[in-house]
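Spelled out from the first residue to the last, the chains are:
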Amino acid sequence: MSTKLANSNQPMISINKVSKFFGDFRALDEVSLTVDRGEVLMIVGPSGSGKSTLLRCINHLEVPDAGEIMIDGKHVTPKERELNAIRAEVGMVFQRFELFPHLTVLENICLAQQKVRKSSRSESEKIARSLLEKVGIPEQANKYPPKLSGGQQQRVAIARSLAMQPKVILFDEPTSALDPEMINEVLDVMLTLASEGMTMVVVSHEMGFARKAAHQVVFMDGGTIVEQGTPDQVFGAPQHERTKLFLSRIL
Ligand code: ADP
Ligand code: MG
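Residues numbered from 1 in each chain as written. Chains lettered and ligands numbered in written order. Predicted model: local features only at pLDDT ≥ 70, side-chain atom pairs only at ≥ 80, totals over all residues. Heavy atoms only, no water.

J.: What's the story with the side chain of S19 in this structure? I'm lost.
T.: Within the secondary structure, S19 is located in strand β1 (residues 13-22). Residue classification places S19 among the buried residues on the basis of a relative accessible area of 6%. Of note is the side chain of S19, whose polar atom sits 2.9 Å from the backbone nitrogen of E30. In contact with S19, other than residues within four places in its own chain, are L28, D29, E30, P64, D65 and A66. (Helix = DSSP H or I, 4+ residues; strand = E, 2+ residues; numbered from the N terminus. Buried < 20%, exposed > 50% of the residue type's maximum accessible area, 1.4 Å probe, protein only. Polar contact = N/O pair within 3.5 Å; in protein donor to acceptor, adjacent residues only side chain to side chain. Contact = heavy atoms within 4.5 Å.)

Structure (structure tokens):
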């Protein structure tokens, strides 16, 4: 009982002095950050600033060399047994969708439910169909991903991550591989998730989304957090030269 109460007050994601090296190159330099339950955190920054590396450390696709990361009060550790649990709790949506081309849309959404959650076929299909309704493409269930538009594929990828009932979803430039006319159909799904209280970390330069949904914006450069605040603070009144320069290039 008391543990439950304590847990609900903890941040959903807690990152404490995380560093990551690739050889001698320091991709992350003592990054600390917390994300509360239901919070939408947006990460912006130039290419190579460490945004993807930070997301990949959060779900342990990369192992930090120093520091610690906690999800919902539990350490993200390299133990195999716990890793599967973490991956189920932390969904990830990539720039290039990463769907299995030889499986139907429905099978893509069912796969992890059956393999990780050990759900039955009928149970996982029921969930998959309801998620396809949610992302607005129920009619695509039996098609193969290469037959879908980029926007539709990304919505399938979001449905697939939702199927694991994650506590957190990480989005790594989810709209940057899309044709302009498909960006909003993906952002609209993300706005719905945000309004439903999903905890989200979003690497994206979509300012409209940031202003509508982000509670917190972080500007990264050179593997560090240079500046952090509300969207109005970071975009409207940036304090650091590096932030101003970056924003002047993307706005
Ligand atoms: P961003 O997502 O902000 O563009 P990344 O996190 O992908 O940046 O990369 C940060 C830096 O780390 C870049 O200089 C990149 O080249 C380097 N890097 C990322 N992954 C690897 C890797 N697996 N091996 C070597 N260097 C890497
Ligand atoms: Mg990246």
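Text resumes after the structure shown.
J.: Would you take a moment to explain the nonpolar core for this structure?
T.: Burial of nonpolar side chains together is a common tendency in soluble globular proteins. Core analysis: the biggest nonpolar cluster contains 49 residues, and I109, I158, F171, M190, M200 and F209 have the highest contact counts within it. Per element, the largest residue contribution to this core is eight residues, and it comes from helix α7 (residues 180-195). Counting residues in hydrophobic clusters, the runner-up holds 26 residues, among them I13, V35, I58 and V218. (Core = buried A, V, L, I, M, F, W, Y, C linked by side-chain atoms within 4.5 Å.)

J.: Explain the pairing of β1 here, please?
T.: For a regular strand, side-chain orientation follows a simple rule: the groups alternate between the two sheet faces. Across seven bridges, the pairing between β1 and strand β2 (residues 25-35) is antiparallel. When the sheet's bridge partners are listed, I15 is paired in β2 with L33. Counting the residues in the hairpin turn of β1 and β2 gives two residues, including G23, whose phi is positive at 65°. As defined by bridge partners, β1 adjoins strand β4 (residues 66-71) across five bridges and the pair is classed as antiparallel. Considered in β4, the bridge of I13 is made with I71. (Pairing = 2+ DSSP bridges.)

J.: How do you make sense of the pattern of salt bridges when you look at a structure like this?
T.: Evaluation of the coordinates by the stated rule reveals 13 salt bridges. The salt bridge involving K167 is made with E89; its shortest N-O contact spans 3.4 Å. One end of the pair, K167, is in the loop between α6 (150-162) and β7 (168-172); the other, E89, is in helix α3 (residues 80-89), and 78 residues separate them in sequence. K167 gets classed as partly exposed once you look at its relative accessible area, which sits at 27%. Among the residues examined, E89 registers a relative accessible area of 16% and is labelled buried. Between K244 and E241 there is a salt bridge; the shortest N-O distance is 3.6 Å. Pair noted here: K244 and E241 are both in helix α10 (residues 241-250), with a separation of three residues, about one helical turn. Among the ionic contacts, a cluster of salt bridges with common partners joins R37, D72, K74, E89 and K167. (Salt bridge = Lys/Arg side-chain N within 4 Å of Asp/Glu carboxyl O.)

J.: Help me out: how do you make sense of the packing of aromatic side chains in this one?
T.: Aromatic rings in a pair are described by how distant their centres are and how their planes are angled relative to each other. Inspection of every chain in the model, using the stated rule, returns one aromatic pair. Here F219 and F246 contribute two aromatic rings whose centre-to-centre distance is 5.2 Å and whose plane-to-plane angle is 35°, an arrangement assigned as tilted. With F219 in strand β9 (residues 216-221) and F246 in helix α10, this residue pair connects regions lying 27 residues apart in the sequence. With respect to burial, F219 and F246 carry one shared label: buried. (Phe/Tyr/Trp six-rings, centres within 6.5 Å; stacked < 30°, edge-to-face > 60°.)

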